[in-house]
Structure formats: C-alpha cells, structure tokens
Amino acid sequence: MDVAKLVDTTLAGMGYELVDLELSGRGLMRIFMDKPGGVALEDCERVSNQLVRLFTVEGVDYERLEVSSPGLDRALKKEADFLRFAGQKVQIKVRVPMSGRKNFVGILGELNDGMVQLDVEGSLVGVELSNIDKARLVPVF
C-alpha cells in the first residue's frame with residue numbers, strides 16, 4: 001500500500017496539500033500539510049482525526065502520528081513547488097556536486113525542461129531537478 005498516495009488523496013479531498021510525509025523506523029509518521037491562507041491548529045486536529053480513522057480502516061501500521069504546517073522553511077518537493085515559490089530565497093542541496101559545491105543559497109528563478117534557475121549572489125546557476133537532494137525556503141525577516 002502506498003501510504004503517501006493514500007494521505008495525498010485524503011488531504012486533497014479535505015482541501016489541503018500534502019507537502020511532505022516522513023516515516024521513521026520507530027513508527028513515527030509526520031505529515032506536513034498546507035492550504036491557502038495557512039494552517040491553523042484546528043486544521044491539524046481535523047486532519048489527524050480523519051487520518052487515524054482512515055489508517056484503522058486501511059490497516060496502516062504506525063505508532064505515532066504528527067500533523068503540522070510545513071513551517072517557514074517549507075520543503076520544496078514537487079515541480080509545482082518550484083514554480084509557486086519562484087522569486088523566493090531558497091537553500092538547495094544537490095546529490096552530485098556542481099563546481100565542487102553541494103549547497104547553494106539564492107533566489108529561485110524559472111523552471112524550464114527540468115532545470116531550475118537559481119540566482120546565487122548575482123550569478124545564475126542551473127540545477128537539474130533530478131540532482132536536487134533537498135530544497136527549502138529560507139525565511140526572510
């Protein structure tokens with residue numbers, strides 16, 4: 001059973017977006033979700049209650065469930081995330097080093113043909129989506 005797909009479908013039906021799902025070896029399942037206007041505590045409670053019922057019916061094995069907003073340093077996972085947050089400051093870690101570097105911080109640019117543009121201190125860097133290990137928004141205060 002694909003738990004991520006099950007959770008994604010359920011959240012979408014409730015008006016939320018699945019941002020990330022983490023499973024730990026100790027039975028902890030973390031769900032990060034979002035919606036236009038942000039996520040409130042009541043949203044987390046509503047989704048948590050729905051998922052507990054769903055997991056019981058579907059026989060999903062877990063010990064603890066945590067449901068929360070993605071936070072200010074939201075992870076970017078899907079192509080749609082990179083399009084949505086263009087113009088924002090991001091931190092990207094790549095799988096295969098580029099010019100001797102694995103970590104880049106800059107302003108997220110456009111996405112074309114699986115390649116995202118990143119403005120790193122005035123220099124444009126092209127990063128293939130397939131080479132991105134982790135990407136997060138960098139909160140600016």
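Rules of the game
Residues numbered from 1 in each chain as written. Predicted model: local features only at pLDDT ≥ 70, side-chain atom pairs only at ≥ 80, totals over all residues. Heavy atoms only, no water. Helix = DSSP H or I, 4+ residues; strand = E, 2+ residues; numbered from the N terminus. Expected span 1.5 Å × (residues − 1). Buried < 20%, exposed > 50% of the residue type's maximum accessible area, 1.4 Å probe, protein only. Arc of directions from axis to C-beta. Pairing = 2+ DSSP bridges. Axes fitted to C-alpha atoms, helices over the stretch in contact; angles between N-to-C directions. Contact = heavy atoms within 4.5 Å. Polar contact = N/O pair within 3.5 Å; in protein donor to acceptor, adjacent residues only side chain to side chain. Patch = residues over 30% accessible without salt bridge, like charges linked within 9 Å, V, L, I, M, F, W, Y side chains within 5 Å. Areas by Shrake-Rupley, 256 points an atom, 1.4 Å probe, with all protein chains shown as cover. Salt bridge = Lys/Arg side-chain N within 4 Å of Asp/Glu carboxyl O. Lys, Arg positive; Asp, Glu negative; His and termini not counted. Charge placed at Lys NZ, Arg CZ, Asp CG, Glu CD. Phe/Tyr/Trp six-rings, centres within 6.5 Å; stacked < 30°, edge-to-face > 60°.

Chemist: When you look at helix 2 (residues 41–58) in this model, what are you seeing that I'm missing?
Modeler: The periodicity of an α-helix, 3.6 residues per turn, causes residues three or four positions apart to be oriented the same way. Here helix 2 spans 25 Å end to end across 18 residues, near enough to the 26 Å set by a 1.5 Å rise per residue. Restricting attention to buried positions, one finds in helix 2 the residues Asp-43, Cys-44, Val-47, Ser-48, Leu-51, Leu-54 and Phe-55. An end-on view of helix 2 places all buried positions within 135° of arc, on one side of the element. Exposed residues on helix 2 whose side chains face more than 90 degrees from its buried face are Glu-42, Arg-53, Thr-56 and Val-57.

Chemist: Honestly, the sheet that holds strand 5 (residues 101–112) in this entry has me stumped. Any pointers?
Modeler: Backbone-to-backbone hydrogen bonds join strands into a sheet, with any given pair of strands oriented parallel or antiparallel. If you trace the five strands from one edge of the open sheet to the other, you get 7-6-5-4-8, paired in antiparallel fashion. Single-partner strands in this sheet number two, and they are strand 7 (123–128) and strand 8 (132–137). Looking at each pair of strands side by side, their axes are set apart by 40° on average, direction ignored. As defined by bridge partners, strand 4 (residues 89–98) adjoins strand 5 across six bridges and the pair is classed as antiparallel. Residue pairing for strand 5: Lys-93 is matched across the bridge by Asn-103.

Chemist: Sorry, what's going on with the environment of Leu-76 here?
Modeler: Here Leu-76 shows up in the loop between strand 3 (64–68) and helix 3 (79–84). The class for Leu-76 is buried, based on a relative accessible area of 4%. Spatially, the C-alpha atoms of Leu-76 and Lys-5 are 17 Å apart, while their sequence positions differ by 71 residues. Sequence-distant contacts of Leu-76, defined by excluding residues within four places in its chain, comprise Asp-81, Phe-82, Phe-85, Val-90, Leu-108, Ala-135, Arg-136 and Leu-137.

Chemist: How should I be thinking about helix 1 (residues 3–14) in this particular structure?
Modeler: Helix length check: helix 1 (12 residues) gives 17 Å between terminal C-alpha atoms against 16 Å at 1.5 Å per residue, within 8%. Contacts from the buried residues of helix 1 go to strand 1 (17–23), strand 2 (28–34) and helix 2. For helix 1, the N-terminal capping position is held by Asp-2, with its side-chain oxygen 3.2 Å away from the main-chain nitrogen of Ala-4. The positive-phi residue at the C-terminal boundary of helix 1 is Gly-15, with phi of around 90°.

Chemist: Would you explain the pairing of strand 1 in this entry?
Modeler: Side chains on a regular strand alternate between the two faces of the sheet. Relative to strand 2, strand 1 runs antiparallel, the two sharing six bridges. Residue pairing across strands places Glu-22 opposite Arg-30, the latter belonging to strand 2. Connecting the antiparallel pair strand 1 and strand 2 is a turn made up of four residues, with Gly-27 showing a positive phi of about 85°.

Chemist: How should I be thinking about a positive patch on the surface in this particular structure?
Modeler: Side chains of Lys-93, Lys-102, Lys-134 and Arg-136 sit close together on the surface and give a patch of like positive charge. Relative to the helices and strands, Lys-102 resides in strand 5.

Chemist: Quick question: what am I supposed to make of the packing of aromatic side chains here?
Modeler: One pair of aromatic rings is described through two measures. These are the centre distance and the angle between the planes. In total, this model carries one aromatic pair according to the counting rule given. For the ring pair Phe-55 and Tyr-62, a centre distance of 5.3 Å and an interplane angle of 65° mean the geometry is edge-to-face. Accessibility expressed as a relative area gives 1% for Phe-55, which makes it buried. Looking at Tyr-62, the relative accessible area reads 22%, which means it is partly exposed.

Chemist: Can you walk me through the environment of Glu-17 in this structure?
Modeler: Inspection of the secondary structure puts Glu-17 in strand 1. With a relative accessible area of 22%, Glu-17 lands in the partly exposed category. For Glu-17 and Leu-108, which are 91 residues apart along the polypeptide, the C-alpha to C-alpha distance reads 21 Å. Those residues in contact with Glu-17 that lie beyond four places of it in its chain are Phe-32, Met-33, Asp-34, Arg-74, Lys-78, Asp-81 and Arg-84. A polar atom in the side chain of Glu-17 sits 3.5 Å from the side chain of Lys-78.

Interpretation note: all reported values are geometric properties and have no functional meaning in isolation.
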